[in-house]
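Below, each chain spelled out in residue letters.
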Amino acid sequence: MSDMSIEHLASAIDLHTIRVVGQVAEQGSLTAAAEALGYSQPAVSQQLRRFEERTGIALVERVGRGIRLTQSGRVLARHAGAVTTVLEAAAGELAEIRGLRAGRVRLVAFPSASATLVPRLIAALAAEHPGVTVTYVEAEPPEAVAAVRADRADVAITFSYPGDRDDPHRASARGLDVLPFCDEPMQLVLPEGHPATASDVVDLATLADDDWIAGCPRCRGHLLELTDAAGFHPRIAFETDNFVAVEGMVAQGLGVALLPSLALDSSPRPPGVVTRPTARADVRSLHLVTARGADRVPAVGATLSVVRRLLPVN
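Each chain has its residues counted from 1, following the order in which its sequence is written. Where totals are concerned, whole chains, interfaces and linings use all residues; where local detail is concerned, this predicted model gives features only for residues with pLDDT of at least 70, and gives and counts side-chain atom pairs only at 80 or more. To obtain the side-chain values, all non-hydrogen atoms of the structure were used and water was disregarded.

A. Structural context of the overall build of the chain. When you go through the chain residue by residue, the secondary structure sums to 12 helices and 11 strands. For the C-alpha atoms alone, the extent of the chain along its principal axes is close to 75 × 50 × 30 Å. Only protein chains enter the calculation, and the probe is 1.4 Å; a residue is then buried if its accessible area is under 20% of its type maximum, exposed if over 50%, and partly exposed in between. Out of the 314 residues belonging to the chain, those deemed buried represent 44%. Counting contacts in the chain only where the partners sit at least 6 residues apart, residues at least 24 apart contribute 73% of the total. Charge assignment: positive for Lys and Arg, negative for Asp and Glu; neither His nor the chain ends contribute. Charge positions come from single atoms, namely NZ of Lys, CZ of Arg, CG of Asp or CD of Glu. Counting 30 positive and 37 negative side-chain charges, the chain places the averaged centre of each group 7 Å from the other. A helix here means a DSSP run of H or I that spans at least four residues, while a strand means a run of E at least two residues long, and both kinds are numbered starting from the N terminus. Any two residues whose heavy atoms approach within 4.5 Å at even a single point are treated as in contact.

B. Quick look at the side chain of Glu184. Tracing the chain through its elements places Glu184 in strand E6 (residues 176-191). Any N or O atom pair separated by 3.5 Å or less is treated as a polar contact, with the protein-specific requirement of one donor-capable and one acceptor-capable atom, and with residues adjacent in sequence counted only for side-chain atom pairs. Side-chain polar atoms of Glu184 contact the backbone nitrogen of Leu262, separated by 2.5 Å. Setting aside anything within four residues of it in sequence, one finds Glu184 in contact with Pro260, Ser261, Leu262, Ala263, Asp282, Val283, Arg284 and Leu286.

C. Structural detail: the pairing of strand E2 (residues 66-69). Of the two faces of E2, the one lined by Ile67 and Leu69 is fully buried and the one lined by Gly66 and Arg68 carries no buried residue. Any two strands are treated as partners once DSSP identifies two or more bridges connecting them. Relative to E2, strand E1 (residues 60-63) runs antiparallel, the two being bridged by 4 bridges. Bridged to Val60 within E2 is Leu69. Here E1 hands over to E2 after 2 residues, with Gly64 in that stretch at a positive phi of 65°.

D. The environment of Asp177, seen in detail. Positionally, Asp177 belongs in strand E6. Each C-alpha atom, one on Asp177 and one on Pro119, is 24 Å from the other, the two residues being 58 residues apart in sequence. Polar contacts involving the side chain of Asp177 include one to the side chain of Arg292, which spans 2.7 Å.

E. Expanded view of the state of the cysteines. Cysteine sulfur atoms that come within 2.5 Å of each other are treated as a disulfide pair. Under the criterion given, the structure shown has 0 disulfides. Free cysteine Cys182: the closest other cysteine sulfur is in Cys219, separated by 16 Å.

F. Up close: the packing of helix H2 (residues 15-27) against helix H4 (residues 41-55). Relative orientation of the contacting elements H2 and H4 amounts to 120°, with a least axis distance of 10 Å. As summarised for this structure, H2 and H4 are arranged oblique, according to the angle between their axes. Seen from above, H2 lies across H4 with left-handed handedness. Between H2 and H4, the contacting residues are His16, Thr17, Val20 and Val21 on the first element and Val44, Gln47, Leu48, Phe51 and Arg54 on the second. Taken together, the residues of the contact of H2 with H4 sort by class into 5 nonpolar, 3 polar and 1 charged. Note on definitions: angles span 0 to 180 degrees between N-to-C directions of axes, and those axes are lines fitted to C-alpha atoms, for helices only across the stretch in contact. Should an angle fall under 35 degrees it is called roughly parallel, over 145 degrees roughly antiparallel, and 65 to 115 degrees roughly perpendicular, with every other angle called oblique. Left-handed is the label given to a crossing in which the near helix is rotated counterclockwise from the far helix by less than a right angle, and right-handed is the label when the rotation is clockwise. Three residue categories are used. Nonpolar comprises Ala, Val, Leu, Ile, Met, Phe, Trp, Tyr, Cys and Pro, charged comprises Asp, Glu, Lys and Arg, and polar comprises the others, including Gly.

G. Region of the structure containing the layout of surface pockets. In this structure, the largest pocket occupies an estimated 660 Å³ of space. If you trace the largest pocket, you find 27 residues lining it, with Ala80, Gly81, Ala82, Arg149 and Asp151 closest to the centre. Broken down by secondary-structure element, the contributors of at least two residues to the lining of the largest pocket are H2, helix H5 (71-97), strand E3 (103-109) and helix H8 (141-149). Looking at which element gives the most residues to the lining of the largest pocket, the answer is H5, with 9 residues. Residues of the lining of the largest pocket, tallied by class, amount to 10 nonpolar, 7 polar and 10 charged. A cavity, in this analysis, means grid points on a 1 Å lattice covering only the protein atoms where a 1.4 Å probe fits yet has no way out; a pocket is instead an open set bounded by protein on both sides within 12 Å along at least five of seven lines, and a residue lines either one if it has an atom within 4 Å of a point. Grid points are joined across faces, edges and corners, and a volume is the space filled by probe spheres set on the points. Roughly 250 Å³ of internal volume is contained in the second largest pocket. Forming the walls of the second largest pocket are 24 residues, and the residues nearest its centre are Gly215, Cys216, Cys219, Phe243 and Leu259. Those elements giving two or more residues to the lining of the second largest pocket turn out to be helix H6 (111-114), strand E7 (211-214), helix H9 (217-229), helix H10 (243-251) and strand E9 (257-260). Looking at the lining of the second largest pocket, its residues break down into 16 nonpolar, 4 polar and 4 charged.

Listed below in C-alpha cells is the structure:
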C-alpha cells in the first residue's frame with residue numbers, strides 16, 4: 001500500500017497501536033510490553049498484525065528468537081509519548097468538566113529531594129486531591145529528563161548548576177517543557193572550630209589548603225568549576241554520594257565540603273558540623289520537567305502548583 005495517502009495512513013494509526021509500539025520500544029519484547037499494558041501477548045501481536053494488514057507497514061521484525069522495531073516502528077514509538085500526553089490532557093479536561101477528581105502522576109526526582117521536598121509534595125497532594133494516585137522513582141537529572149521523554153514519568157524535579165557544561169535541560173530536553181522554579185543555596189560544610197567558621201560567609205579561596213569531600217559526578221564538576229574560579233584546584237581526599245556520610249566525615253575533621261541546602265535538610269545535623277554560605281552566594285537551580293502541554297492534565301497541573309507553593313518560583 002505504498003500509494004496510501006497521508007490522510008488514510010493517519011486514520012489507520014489508532015491509540016492502541018501507539019501504546020503497544022511505545023511499550024515495545026520501552027520494554028524490548030512483545031511479552032514484556034503485553035505485561036506492562038495488562039494485555040495478553042497474542043492480543044499485542046494481533047494489534048500489530050492488524051495495523052500491518054491495513055497499511056502494509058511492518059512495525060516489528062524478528063531477530064533470532066526475539067523481535068525489534070523496524071524503522072517505521074521506531075518512528076511511531078518516537079511520537080508515542082507526545083500522543084498519549086495530548087490524549088490524557090484532553091481526557092483530564094473532560095473529567096474536570098464532569099466534576100471528576102481522579103488521575104495519576106508518575107513523579108521522579110533527585111536523591112536530596114527524596115527526604116525533603118517529595119514527602120511534603122505527596123502528602124499535600126493526598127490532602128488536597130485524594131483522588132490522585134502518585135508513584136515515585138528516584139533518579140539523577142539526566143535519567144529523570146529521559147524518563148519524561150520516554151513517557152515513563154509525568155513530572156521530573158531536576159537541578160542544574162550555573163555554567164554546567166552537561167546541563168540536562170539543554171539538547172536532551174528539547175521538545176519538553178522546562179520550568180526553572182527555585183534557586184537553592186549552596187552551603188560550605190565545615191568542622192567545628194575551623195578558622196573559616198569565624199566568618200558569616202566564606203570565600204572559597206581561604207579553603208585552598210583543606211582536604212575536600214566530593215559528591216556525585218555533576219556536583220563534583222561544579223565544585224571544580226567554583227574552585228577554579230577561586231584560583232585553586234581542590235585536594236579531594238574522599239568521594240561519596242551519601243550526604244550523611246559527607247557530614248560524618250566533616251564532623252571527624254577529615255575535610256570540608258560543599259552541599260546544597262536540600263541535602264543538608266535531609267537529615268539531622270551531626271555534632272561538630274558548621275555550615276556557612278559562600279561569599280559569592282552560590283546556588284543550584286531547580287526545575288520542573290514535563291511533556292509539552294502536560295500541565296493541562298489536571299493531576300499534573302495540580303502537582304506543579306503544589307511544588308511551586310512548597311518552593312516558591314523565583
